[in-house]
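# Working through the structure, step by step
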2 protein chains.
Amino acid sequence: MHTHTIHYLSTSLGKTLRSASHEQESKNGSLLTRAGFVAQMAAGMYTMLPLGMRVLSRIEGIVREEMNAIGSYELAAPTLHTRQVMERAGRWDSIDVLYRLQSRQGSELCLQATAEEAVCAAFQGRIASHRDLPVSVYQISDKFRDEQRPRAGLIRGRAFRMKDLYSFHATEADLRQYYERVVSSYLRVFARCGIGANVFRTFASGGAFSKFSDEFQLLSDSGEDTIFLTEDRSLAINKEVAEDSEALTALFKGTRPHLTEHRAIEVGNTFMLGHRFTDAFNIRYQDDTGELQRVWMASYGIGTTRLVGAVAEVLSDDRGLVWPKEIAPYDVHIVVIGDRSKTAEYLERVTRWVEREQLCALIDQREEIRAGEKFADADLIGIPTRIVVSERSTEDSLVEVKARTEDLGTRVKIEELRI
Amino acid sequence: MHTHTIHYLSTSLGKTLRSASHEQESKNGSLLTRAGFVAQMAAGMYTMLPLGMRVLSRIEGIVREEMNAIGSYELAAPTLHTRQVMERAGRWDSIDVLYRLQSRQGSELCLQATAEEAVCAAFQGRIASHRDLPVSVYQISDKFRDEQRPRAGLIRGRAFRMKDLYSFHATEADLRQYYERVVSSYLRVFARCGIGANVFRTFASGGAFSKFSDEFQLLSDSGEDTIFLTEDRSLAINKEVAEDSEALTALFKGTRPHLTEHRAIEVGNTFMLGHRFTDAFNIRYQDDTGELQRVWMASYGIGTTRLVGAVAEVLSDDRGLVWPKEIAPYDVHIVVIGDRSKTAEYLERVTRWVEREQLCALIDQREEIRAGEKFADADLIGIPTRIVVSERSTEDSLVEVKARTEDLGTRVKIEELRI
């Protein structure tokens, strides 16, 4: 995904900040701010700084690959929606977190919260025959929710980035089959982001849209949601389902399962929408006998900035961030210590190795910073592999290599290193 | 940039529309709508459909490559800005096209028009020493302007995508040198988008920010701007400069040049901002003697959705769109005509060739559509190379290959084709 890159650590790129004024109520907000991944403008409004942007781009690259792999096409709905389009399915008034605004000429607009309406409006007239179905489209774009209390760093913002996918089908059976393909692709996304073992597909009541939906919940003590797991962890249900005796009876066929309660962060969700939006936009298809039929629809979301925050929240330790390999901002963090004239030659060898291996490297050769501080910064930033080039490297031709997850490194010849 | 892909033309992907209700006042809006690249929700508010999204992604890929090549780092400023941050440099009240809104709790917010304030806010405290400069950062994101009369298709919208770059420097000389590097990178972007020969770096008065700025103007009879070119086309000036006798005298050293008037579309701009924003945000650096110094800043923009519209506007002909190679949605448009059972084997050979050459192909094997209509659709969509697989191909092992810009094709063995 990322092409081979060598960047140099400086104050402006990833300067770590230690002042208490940058502490925030959440662990992810605090760590990502101190490590130079984000800068907060106001509650729930963040700038993704270059380090954070690289993580976000890698996550969105994974999402894009997985959505393309299930035959979905990328598009982009307008960020501004008209009141008129939002009224078609009755959501102008019913979404309480909708940001509404007026143009100078008095048109009533809102900011995109999700894009069911925009996608239906765009596909009106494009879905006409059974030959046009199924259709699956997605976008990765800004979403807006006027939260009463934006909080938890990147996990609940007023504005955030989300991948949202919409699929249209001729039959309920086709929709259900595709829905399961999307669920599988979601599980691959979370696995590739390094959190697969702790994300649970969770039965949910369906929120505003439908009676059938799933949440993807990442176990985390600081999560805002509560979920319940069966003892063997083969089944997860959300709080609403757990409190609904009818649903429980249907799910467990009358037996009383032993459920354990957990805090979790919702990192994705999927909704069967049925005909709600397609009927509102009068989207119909002609079947092979020429008769008009209703169209089935589902929508599916993954918050990509939220994933940055969620991974930071659950995979960090007391020294800082710990990025999984596939979404790390760089592959290797190269710390240069000692006199520059005595390390330059070996650093050149390391740089050639980075090029040959087509890696992304962050090099810290700041002269004004002590070695101990550089090591602390490397731990805080959390790149998977740290390589130390020192004056000793020039003598014995070895570098120290240490994984972020380990305490001790080993000394190796750079040319023999495989990561 | 794009990985090898095979997609099939269907109604939902790129169905061409011929109804007059989709005609719009601008050529680009009308063509892009009819060819299935965009769908309009309201004036100045478009959905980029999958075909349009592929062009936009290719353009943004080129922009990203060129900005990375001049040492700039990608980031993302928040789309929502606070009134407080916009007041720092006095722009909350002075930008008349600013969309303002209120949160439910009464916070005053606006939508990002440009991001000088957000970037300065994020780099406060990160630029502290001469070692931290220069800094160059860019983003590619939605921008919002409450235009009185959004029009001209994708060329002037209420919401659009823009690459905006911000650079910070210790000295004016360093800023001027970097500014010229950005200008060169802009000219490379326009050349790679296929419009290089008709884009002119145009002296401009500087708009709201400064007395020193450049516009990048693409000659087009339907452009909203007026520019003036010297006879040898070595120098271009905008209308404000042409009407300013003092500026003219300085520029032409008292001689009276012969200038010709042209209509043009502004596809980029660059502004020397001086200290205006850095002073407002109190961004200072310590020089090597420890003294605090002011920081120089410039900003630079390219509208990426506008580029989609501008290329459609100037490179189309009376049959449809004509995409330059590097930004075309696909490399080849494969039209299959005749009985599917008699073409399947040869189509398989063509598909293997597409895979071997790592191309992106759009295949039209719709059975219900006549050959003439398929050819008209191929011309309307405007992919650079058209390949026709017919029953004859099975007999003589040849396909017809035709460039979009030519009238006649030639028959070749698919394996011998290089594009």
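The sections below set out a description of the structure shown in this document. Quantities reported herein were computed from a predicted structural model and do not represent experimental measurements.

### Focus: the overall build of chain A
Each helix and strand in chain A was counted, giving 13 helices and 22 strands. The principal-axis extent of the C-alpha atoms belonging to chain A is close to 80 × 60 × 45 Å. A separation of at least 24 residues holds for 70% of the contacts in chain A among residues at least 6 apart in sequence. With an accessible surface of roughly 17100 Å², chain A has 47% of that area assigned to carbon and sulfur atoms. In chain A, 54 positive and 61 negative side-chain charges are present, and the distance between their average locations comes to 2 Å.

### Notes on the environment of B:Ser234
Along the chain, B:Ser234 falls in the loop between β12 (225-230) and β13 (236-238). Among the polar contacts listed, one links the side chain of B:Ser234 to the side chain of B:Asp232, at a separation of 2.8 Å.

### Re the sheet that holds strand β7 (residues 108-111) of chain B
All names here are of chain B. Spatially, the 3 strands line up as an open sheet ordered β5-β7-β6, and their pairing is antiparallel. Both edges of this open sheet fall to β5 (80-82) and β6 (100-102), since each of them pairs with a single strand only. Put simply, the sheet's adjacent strands are angled 40° from each other on average, direction ignored. Where β6 meets β7, 3 bridges bridge the pair, whose relative direction is antiparallel.

### Things to note about the environment of A:His130
Residues and elements named next belong to chain A. Relative to the assigned elements, His130 resides in the loop between α5 (116-123) and β8 (135-144). Put simply, His130 and Asp287 are 157 residues apart on the chain and 5.3 Å apart in space, counted from C-alpha to C-alpha. Leaving out residues up to four positions away in the same chain, His130 has contacts with Tyr285, Gln286, Asp287 and Asp288.

### Structural notes on the pairing of strand β10 (residues 199-204) of chain A
All names here are of chain A. Judged from the 6 bridges that link them, β10 and strand β11 (residues 213-219) form a sheet pairing that is antiparallel. The residue of β11 that forms the bridge with Val199 is Leu218. Both β10 and strand β13 (residues 236-238) contribute to a ladder of 2 bridges, which runs parallel. Across the sheet, residue Thr202 finds its bridge partner in β13, namely Ala236.

### Side note on the packing of aromatic side chains
All chains considered together, the criterion is met by 12 aromatic pairs over all chains. Aromatic side chains B:Phe190 and B:Phe216 sit 6.0 Å apart centroid to centroid with 35° between the ring planes, which places their arrangement in the tilted category. Taken together, the positions of B:Phe190 in helix α6 (residues 172-192) and B:Phe216 in strand β11 (residues 213-219) put the pair 26 residues apart, joining distant regions of the chain. Both residues of the pair, B:Phe190 and B:Phe216, belong to the buried class. Site record: aromatic cluster; members linked through ring pairs are A:Tyr186, A:Phe190 and A:Phe216. Just above the ring of A:Tyr330 sits the side chain of A:Arg54; from NZ or CZ to the centre is 4.2 Å. Lying over the aromatic face of B:Trp92, B:Arg100 brings its terminal NZ or CZ to 5.4 Å of the ring centre.

### So, the nonpolar core
Counting 144 residues, the largest nonpolar core has A:Phe37, A:Phe168, A:Phe190, A:Trp323 and B:Phe168 as the members making the most contacts within it. Excluding residues within four positions of it along the chain, A:Phe190 makes contact with A:Ile195, A:Gly196, A:Val199, A:Phe216, A:Val267, A:Gly268, A:Ile302 and A:Leu307. Core analysis: the next-biggest nonpolar cluster, separate from the first, contains 59 residues, B:Val183, B:Ile195, B:Val199 and B:Tyr330 among them.

### Brief notes about the interface of chain A and chain B
Taken together, the contact pairs 61 residues of chain A with 61 residues of chain B. Between chain A and chain B, a total of about 5400 Å² is buried, with carbon and sulfur atoms accounting for 59% of that surface. Seen at the junction of chain A and chain B, the total is 4 salt bridges. Residues A:Asp96 and B:Arg104 are paired through a salt bridge, measuring 3.9 Å at the closest nitrogen-oxygen approach. Counting across the interface, chain A meets chain B through 10 residue pairs in polar contact (both at pLDDT 80 or more). A class-by-class count of the residues in the side of chain A that touches chain B yields 33 nonpolar, 15 polar and 13 charged.

What counts, and at which threshold
Residues numbered from 1 in each chain as written. Chains lettered and ligands numbered in written order. Predicted model: local features only at pLDDT ≥ 70, side-chain atom pairs only at ≥ 80, totals over all residues. Heavy atoms only, no water. Helix = DSSP H or I, 4+ residues; strand = E, 2+ residues; numbered from the N terminus. Contact = heavy atoms within 4.5 Å. Areas by Shrake-Rupley, 256 points an atom, 1.4 Å probe, with all protein chains shown as cover. Lys, Arg positive; Asp, Glu negative; His and termini not counted. Charge placed at Lys NZ, Arg CZ, Asp CG, Glu CD. Polar contact = N/O pair within 3.5 Å; in protein donor to acceptor, adjacent residues only side chain to side chain. Pairing = 2+ DSSP bridges. Axes fitted to C-alpha atoms, helices over the stretch in contact; angles between N-to-C directions. Phe/Tyr/Trp six-rings, centres within 6.5 Å; stacked < 30°, edge-to-face > 60°. Buried < 20%, exposed > 50% of the residue type's maximum accessible area, 1.4 Å probe, protein only. Lys NZ or Arg CZ within 6 Å of the ring centre and 35° of its normal. Core = buried A, V, L, I, M, F, W, Y, C linked by side-chain atoms within 4.5 Å. Buried area = accessible area lost by both parts, 1.4 Å probe. Salt bridge = Lys/Arg side-chain N within 4 Å of Asp/Glu carboxyl O. Nonpolar A, V, L, I, M, F, W, Y, C, P; charged D, E, K, R; others polar.

The values reported here are purely geometric and, on their own, carry no functional implication.
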